[in-house]
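Survey of secondary and tertiary structure
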Amino acid sequence: MISSLRGTVASVGLQSAVLDVHGFGMQVQATPQTLATLRVGGEAQVFTTMVVREDSMTLFGFEDAEQREVFDTLLAISGVGPRLALAVLAVHTPEAIRIAASSGDDKAFSKVPGIGPKGARRIVLELAGKLVPLEAPGVPKNTWQGQVLTAMIGLGWSEKDAGAAIDAATAEAPEVAATGDVAQILKLTLRRLGSDGARSSARAKSL
């Protein structure tokens with residue numbers, strides 16, 4: 001298994017690049033974002049996953065180990081091949097994919113060319129619990145609180161508002177909080193925020 005390559009960039013195309021590794025030209029398929037970091041003649045390292053088929057062996061290259069991890073996780077989903085997994089990473093950052101998976105946001109995956117609504121729902125269901133947002137600086141690690149808070153911050157909420165919403169939602173449904181299920185707690189918190197927003201709007205209209 002080839003887990004990474006380091007060498008001189010020999011060429012860069014629209015979908016792949018070739019690295020000269022001790023005289024061997026190694027071709028890697030990659031996202032536009034990763035290819036944009038490579039410069040012909042320069043030294044580079046890419047993290048790789050090799051996909052073996054009956055008639056081919058293809059290397060897929062990534063800028064960092066996190067991208068590779070998300071790619072490998074997507075490959076484990078039924079109906080998702082390497083090209084489609086690469087397309088997901090071309091549209092979304094790894095953290096955005098983690099947030100969408102944890103919050104059940106199938107619409108995020110529908111934005112990827114080649115993924116329809118039904119396929120997006122299946123991806124969200126199969127990713128549940130497999131990809132969770134990474135901890136934000138200053139947030140306790142290895143706790144559902146930290147993961148949910150990081151996801152909320154990634155969705156645009158301030159740390160203060162997100163923390164208050166999580167506390168309120170879990171206080172109302174302690175049985176959900178007791179499970180430690182990040183995806184369920186995140187959904188519960190987002191639902192509460194939606195309800196609070198609707199109530200605030202109704203009060204404003206009545207004034």
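All of the points below concern the structure found in this document.

About the thresholds
- Residues numbered from 1 in each chain as written.
- Predicted model: local features only at pLDDT ≥ 70, side-chain atom pairs only at ≥ 80, totals over all residues.
- Heavy atoms only, no water.
- Buried < 20%, exposed > 50% of the residue type's maximum accessible area, 1.4 Å probe, protein only.
- Helix = DSSP H or I, 4+ residues; strand = E, 2+ residues; numbered from the N terminus.
- Phe/Tyr/Trp six-rings, centres within 6.5 Å; stacked < 30°, edge-to-face > 60°.
- Salt bridge = Lys/Arg side-chain N within 4 Å of Asp/Glu carboxyl O.

1. Considerations on helix 4 (residues 94-103)
- Of all 10 residues making up helix 4, 8 are buried, and the element is well covered by its neighbours.
- Those residues of helix 4 not exposed but buried are Pro94, Ile97, Arg98, Ile99, Ala100, Ala101, Ser102 and Ser103.
- With its phi angle positive at about 70°, Gly104 sits one or two positions after the end of helix 4.

2. Focus: the packing of aromatic side chains
- This model, assessed by the stated rule, comprises 2 aromatic pairs.
- With a centroid separation of 5.4 Å and 35° between ring planes, the pair formed by Phe60 and Phe71 is classed as tilted. Highlighted residues: Phe60 in strand 5 (residues 56-62) and Phe71 in helix 2 (residues 65-75), separated in sequence by 11 residues. The exposure classification of Phe60 matches that of Phe71, with both residues buried.

3. Observations concerning the pattern of salt bridges
- Throughout the structure, instances matching the rule amount to 3 salt bridges.
- Among the salt bridges present, the one from Arg98 reaches Glu69, with a minimum N-O distance of 3.3 Å. In this pair, Arg98 is assigned in helix 4 and Glu69 in helix 2, connecting sequence segments 29 residues apart.
- Glu69 gets classed as partly exposed once you look at its relative accessible area, which sits at 41%.
- Here Arg122 ties to Glu126 by a salt bridge, and the two come within 3.9 Å at their closest N and O atoms.

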